[in-house]
Amino acid sequence: MSTFRGVARDELDLRQVLKTRFGYDEFRPLQAEIIGNVLAGRDSLVLMPTGGGKSLCYQLPALCLDGLTLVISPLIALMKDQVDALRANGVAAAFVNSSVPAQEARDILAAARAGRLKLLYVAPERLAVPGFREFLTSVDIGLIAIDEAHCISEWGHDFRPDYRNLRTLRDTLSTATVIALTATATARVRDDIVEQLGMPRARQFVSSFNRENLTYVVRPKRRARVALLALLRKHANAPAIVYCLSRDGTEALAADLSQEGIPALPYHAGLDVTVRRETQERFIRDEALVIVATIAFGMGIDKPDVRLIVHYDLPKTLEGYYQETGRAGRDGLPSECVLFFSAGDRAKFTRFIDEIEDPAERERAHQQLDQMIAYCEARTCRRAFVLQYFGESYDKTDCGGCDVCLVEREAFDATEIAQKILSAVIRTGERFGLRHIIMVLRGSRARRVFEWGHHELPVYGIVRDYDRDELKEIVGLLEDEGLLQRSPDKFATVSVTRAGHEFLRRRGTLTLSRIKRAAPESQAGPHDLRRSGDDSRSSGGTPGLNRELFERLRELRLRLAEAREQPAYVVFSNRTLEEMARAMPRDHASFADISGVGPAKLEAFADDFLQVIREYAASRETA
Ligand code: ADP
Ligand code: ZN
């Protein structure tokens, strides 16, 4: 167990470090507890969703502890960005991986040995490089942080054999504290990490997997192309990822979007490595905003400001869906996740799955598909559905952030229409499916109706004021009320329940709540689920935000980032820019108050940003 050396003593001290070294005013949930545990020399296992703020849980202790913090991270591109971000905050950090020339790597290790580095990032394969173990025993390592810890588990979605080297690393550095971090939530993976890393006594920190800033929407895959275009236009100038099932699909769709004036790049595992790397880089640096990809895209992408994730095809598993949508809105700002679903997907995917040879794997795939389809067909809150899947209970009845909860509902008197529908079901002998019942009610001239003699029933043609889709919706509501039921076989025969007969007999009244009938909307309208007056869920609409100034600050950020050859968010996050545009600081003191501004960034950037703010203010005063 590691000793207490030069450690900040209480939370007040820690908050001071948070502000002076990272520029933030408050800890996010669990961060302070985790950091306290680490500084007390106890091992930790951290499960937090993407964007929850895991990195800070080892970066801040690294600054408080004597000695070096060794960070194991599997993703080379990510390592560089993290180190850039730390350096922008004036933290001595470096990385060694296969992209670093040998001499430079030697210099870095020498600096670490001399105590001139606080954090050193390495890839797991480095542990097997000759000489590296000797290096490790020659430096004072106080903390080992294992990022993406699920990679050690074959149950996870991203197993990496090199992670198995970590077990022996623990033996080599037995006095160092360990913190393992992951965004993969299932209990099986969690148990496996504890076992593989041999840390049964680690304290486990599990944060809620609810991503409040994400809106989840399922849309029918009808006229999906038009709907997709409208979505991308709504999120114009914001980074977006569109996931497709097949490689060909990504290329065709990317070409099609580009044709429509929305420049988009394809990405899949079949593309050349250099092309893939370039596409990623361009996305990270905001040069390419829309990527149409297979699920091969995204793992190494630590881009905080992705505003839209679209699944143009059905994802294979709910867990995968959660991971992919998790790439939206890591900066905590409102972002949207839209999935296109067609009832035909079930048959299509079932065919694929039936070709899987291994029976156990095939069975698992079927279960996962059922789960995924249940999510799409649910008439209940999507967020609650996903969280329940991860074993988390969610009691709110209106999450305010999914298509089910956001749709405005209205109460209506359904007494008469319910009586008509139930009567039609009974009169036709409870032997028919929904389609037939609706045809009878609406007085269809279809041959089937005449063949059965249903045109002679008193219920024939008695419904004029509801169209087919509306009737379907009401039948669904009557099912929810328990007045009607459908047989579970493929015929889905409709029948009246006991409660339904009771309702008819009692001649009671019935009030139901249905989706509010809207005035005809513009093309971009149907999926635009924002409640009126609440603009905060759109890409560009934080209330009270000064858009024009924000855009100017963004331009400046891009210029500064380009000059430094770094991603824009290393300079400042969107959230920090938004606060700047809102507070409009005019001097260094008020600039330093903005969340995200620490002393290092104050010194590096304050003058440039203050100048833009002052110019903007002056132009407004003379106007
Ligand atoms: P994760 O690794 O869990 O996906 P990150 O560590 O990348 O998340 O953090 C996500 C974002 O939140 C980053 O932009 C980070 O700088 C920011 N962040 C982390 N902690 C705080 C905090 N206490 N206050 C404000 N922003 C924070
Ligand atoms: Zn909801």
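Residues numbered from 1 in each chain as written. Chains lettered and ligands numbered in written order. Predicted model: local features only at pLDDT ≥ 70, side-chain atom pairs only at ≥ 80, totals over all residues. Heavy atoms only, no water.

Draft legend 1. Seen up close, the overall build of the protein. Scanning the protein from N- to C-terminus turns up 26 helices and 17 strands. Once the C-alpha set of the protein is aligned to its principal axes, its extents read approximately 95 × 70 × 50 Å. Counting across all 623 residues of the protein, residues that qualify as buried make up 52%. For the protein, contacts bridging at least 24 residues in sequence account for 72% of all contacts bridging at least 6. Summed over all atoms, the accessible surface of the protein reaches about 29,300 Å², with 48% contributed by carbon and sulfur. The average position of the 87 basic charges and that of the 89 acidic charges among the side chains of the protein differ by 3 Å. (Helix = DSSP H or I, 4+ residues; strand = E, 2+ residues; numbered from the N terminus. Buried < 20%, exposed > 50% of the residue type's maximum accessible area, 1.4 Å probe, protein only. Contact = heavy atoms within 4.5 Å. Areas by Shrake-Rupley, 256 points an atom, 1.4 Å probe, with all protein chains shown as cover. Lys, Arg positive; Asp, Glu negative; His and termini not counted. Charge placed at Lys NZ, Arg CZ, Asp CG, Glu CD.)

Draft legend 2. Representation of the packing of helix α13 (residues 345-354) against helix α14 (residues 359-377). Contact pair α13 / α14: the axes reach a minimum separation of 10 Å and the direction vectors enclose 165 degrees. Classified by the angle their axes make, α13 and α14 are roughly antiparallel. The two elements α13 and α14 meet at a crossing, and its hand is right-handed. Between α13, through R346, F349, T350, I353 and D354, and α14, the contact on the second element is made entirely by R362, A365, H366, L369, D370, I373 and E377. Of the residues assigned to the contact of α13 with α14, the class counts are five nonpolar, two polar and five charged. (Axes fitted to C-alpha atoms, helices over the stretch in contact; angles between N-to-C directions. Parallel < 35°, antiparallel > 145°, perpendicular 65-115°, else oblique. Left-handed = near helix turned anticlockwise from the far one by under 90°. Nonpolar A, V, L, I, M, F, W, Y, C, P; charged D, E, K, R; others polar.)

Draft legend 3. Structural detail: the nonpolar core. By size, the foremost hydrophobic cluster in this structure holds 120 residues, and its most contacted members are L60, I72, L120, I146, I179 and Y375. Looking at this core element by element, the count peaks at seven residues for helix α3 (residues 56-64). Two domains each provide a minimum of three residues to this core, namely domain 1 (3-206) and domain 2 (214-406). Setting aside chain neighbours within four positions, we find L120 in contact with L68, T69, L70, V71, A94, F95, V96, I108, L109 and F135. Counting residues in hydrophobic clusters, the runner-up holds 32 residues, among them L457, V475, L478 and L484. (Core = buried A, V, L, I, M, F, W, Y, C linked by side-chain atoms within 4.5 Å. Domains from an automatic or database assignment.)

Draft legend 4. Examining the coordination of the zinc ion (ligand 2) more closely. Taken together, the protein ligands of the zinc ion (ligand 2) are C381 (SG), C399 (SG), C402 (SG) and C405 (SG), with distances of 2.3 to 2.4 Å. For the zinc ion (ligand 2), the four donor atoms are set out with angles of 102 to 118 degrees between them, so the coordination reads as tetrahedral. Spacing between the donor residues of the zinc ion (ligand 2) along the chain follows C-x17-C-x2-C-x2-C. Taken together, the positions of C381 in the loop between α14 and α15 (382-389) and C399 in the loop between α15 and α16 (403-406) put the pair 18 residues apart, joining distant regions of the chain. (Donors = N, O, S within 2.8 Å, 3.2 Å for Na, K, Ca; no water. Tetrahedral: all angles 85-135°; square planar, octahedral: opposite > 155°, others 65-115°.)

Draft legend 5. Main features of the packing of aromatic side chains. Throughout the structure, instances matching the rule amount to twelve aromatic pairs. On the numbers, 6.2 Å between centres and 65 degrees between planes, the contact of F572 with F591 is edge-to-face. In this pair, F572 is assigned in the loop between α23 (568-571) and α24 (574-583) and F591 in helix α25 (residues 588-592), connecting sequence segments 19 residues apart. Overall, the relative accessible area of 0% leaves F572 in the buried class. Ring centres of F572 and F609 lie 5.2 Å apart, and the angle between their planes is 70 degrees; on these two criteria the pair is classed as edge-to-face. Placement of F572 in the loop between α23 and α24 and of F609 in helix α26 (residues 599-622) is noted, with a sequence separation of 37 residues between them. An identical accessibility class is assigned to F572 and F609; each is buried. Clustering of aromatic rings is evident, with ring pairs tying together F572, F591, F605 and F609. (Phe/Tyr/Trp six-rings, centres within 6.5 Å; stacked < 30°, edge-to-face > 60°.)

Draft legend 6. Spotlight on the sheet that holds strand β12 (residues 308-311). Spatially, six strands are ordered β8-β13-β12-β9-β11-β10 in an open sheet, and the strand pairing comes out parallel. Edge strands, defined here as strands with exactly one partner in the open sheet, are β8 (214-220) and β10 (264-267). Averaged over all pairs of adjacent strands, the angle between strand axes in this sheet comes to 15 degrees, irrespective of strand direction. Sheet topology note: the β12/strand β13 (residues 335-341) ladder contains four bridges and is parallel. (Pairing = 2+ DSSP bridges.)

Draft legend 7. Quick look at the sheet that holds strand β3 (residues 93-96). If you trace the seven strands from one edge of the open sheet to the other, you get β3-β4-β2-β5-β6-β1-β7, paired in parallel fashion. Every other strand in the sheet has two partners, leaving β3 and β7 (203-206) as the edge strands with one partner each. With strand direction ignored, the average angle separating the axes of adjacent strands in the sheet is 20 degrees. Across four bridges, the pairing between strand β1 (residues 44-47) and β7 is parallel. Among the inter-strand pairings, V46 is bridged to a residue of β7, identified as F205. Here helix α2 (residues 31-39) sits on the sheet and contacts β1, β5 (141-146), β6 (177-182) and β7; the angle it forms with β7, its principal contact strand, is near 165 degrees. Along the sheet face, helix α4 (residues 76-88) touches β3 and β4 (119-122) and points at about 165 degrees away from the line of β3.

Draft legend 8. Region of the structure containing the site of ligand 1. Residues in contact with ligand 1 amount to 13 residues; listed here are only the nearest, Y24, E26, G51, S55 and R330. At 3.1 Å, a backbone N or O of G53 approaches an oxygen atom of ligand 1. In this structure, S55 approaches ligand 1 through a side-chain N or O atom, which is 2.6 Å from an oxygen atom. Contact with the protein chains hides 81% of the accessible area of ligand 1, taken as 570 Å² for the molecule alone. (Near = heavy atom within 4 Å. Polar contact = N/O pair within 3.5 Å; in protein donor to acceptor, adjacent residues only side chain to side chain.)

Draft legend 9. Spatial organisation of unusual backbone geometry. In this model, E430 sits at a positive phi of 50 degrees, which is unusual for a non-glycine residue. Relative to the elements of secondary structure, E430 occurs in the loop between α17 (415-427) and α18 (434-441). Backbone geometry places R507, a non-glycine residue, at a positive phi of 55 degrees. Here R507 shows up in the loop between α21 (498-506) and β17 (511-515).

Draft legend 10. Layout of a positive patch on the surface. Among the surface-exposed residues, R222, R435, R442, R448, R464, R468 and K472 lie close enough to one another that they form a single positively charged patch. In this structure, R222 sits in the loop between β8 and α9 (224-234). For R222, a relative accessible area of 63% gives the class exposed. (Patch = residues over 30% accessible without salt bridge, like charges linked within 9 Å, V, L, I, M, F, W, Y side chains within 5 Å. Salt bridge = Lys/Arg side-chain N within 4 Å of Asp/Glu carboxyl O.)

Draft legend 11. Broad picture of helix α12 (residues 318-325). Within α12, eight of the eight residues are buried, which leaves the element mostly enclosed by the surrounding structure. All buried positions along α12 are accounted for by L318, E319, G320, Y321, Y322, Q323, E324 and T325. Packing partners of the buried residues in α12 comprise β8, β9 (240-243), β12, β13, α14 and α15.

Draft legend 12. A look at the side chain of D403. Mapped onto the fold, D403 is located in helix α16. Classification of D403 by relative accessible area gives buried; the value is 9%. Within the structure, the side chain of D403 is placed 3.1 Å from the backbone nitrogen of V218, a separation counted as a polar contact. Within the local environment of D403, its side chain forms a polar contact with the side chain of R382, the two groups lying 2.7 Å apart.

Draft legend 13. Representation of the domain arrangement of the protein in the model. Per the domain assignment, the segments of the protein are domain 1 (3-206), domain 2 (214-406), domain 3 (409-515) and domain 4 (547-622). Look at where the C-alpha atoms of domain 1 and domain 3 centre, and you get two points 61 Å apart.

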